[in-house]
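Reading the structure
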Amino acid sequence: QTSGFRAWAVPERVGKAVLAIAAKAEATCGSVELLYREGWGDQAPVFFDVNMLSTLPLMDGSVLDPDRVWPPSFRPYEELADYIIALAR
């Protein structure tokens, strides 16, 4: 049984909207949760949560990635830890 979560190549307009939200929050890392469906046309995604430090996806196969959106070397927890350590130095 899978979780129903799937890696996703974000459409450009959605990526720009997420970056604008992050800039408004003065965030350097985090996540923005949203609802989006292909075929909505010009309808905007529904943004419903912004997390400055987020629960990142598990890399144990519970997030489906059949399109290989994330590279095999993608390790979000390690990247976040490295970022925080670099800021502290």
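This text follows the structure it describes.
Summary of the structure given here. All residue numbers refer to positions counted from 1 along the written sequence of the respective chain. Where totals are concerned, whole chains, interfaces and linings use all residues; where local detail is concerned, this predicted model gives features only for residues with pLDDT of at least 70, and gives and counts side-chain atom pairs only at 80 or more. Derived side-chain values reflect all non-hydrogen atoms in the structure, with water molecules and hydrogen atoms excluded from consideration.

**Quick word on the packing of aromatic side chains**
Our working rule: Within 6.5 Å between ring centres, the rings of Phe, Tyr and Trp (the latter by its six-membered ring) count as paired, and their orientation is classed by plane angle as stacked under 30 degrees, edge-to-face over 60, tilted in between. The helix count covers DSSP runs of H or I at least four residues long, the strand count covers runs of E at least two residues long, and both are numbered beginning at the N terminus. Working definition: with a 1.4 Å probe on protein chains only, accessible area under 20% of the residue-type maximum means buried, over 50% means exposed, and in between means partly exposed.
Considering all chains together, one arrives at one aromatic pair under this definition. Considering the side-chain rings of Trp-8 and Tyr-36, the 5.3 Å spacing of their centres and the 40° angle between planes classify their relative orientation as tilted. With Trp-8 in the loop between β1 (5–6) and α1 (12–24) and Tyr-36 in the loop between β2 (31–35) and β3 (46–51), this residue pair connects regions lying 28 residues apart in the sequence. By relative accessible area, which is 33% here, Trp-8 ends up partly exposed. On the accessibility criterion, Tyr-36 (24% relative accessible area) is partly exposed.

**Considerations on the pattern of salt bridges**
Using the following cut-off: Salt bridges are identified by distance alone: a Lys or Arg side-chain nitrogen within 4 Å of an Asp or Glu carboxyl oxygen.
Under the criterion given, the structure shown has one salt bridge. Notably, a salt bridge pairs Glu-12 with Lys-16, separated by 3.2 Å at the nearest N-O pair. Taken together, the residues Glu-12 and Lys-16, both in helix α1 and four residues apart, mark about one turn of the helix. Classification of Glu-12 by relative accessible area gives exposed; the value is 58%. Lys-16 gets classed as exposed once you look at its relative accessible area, which sits at 54%.

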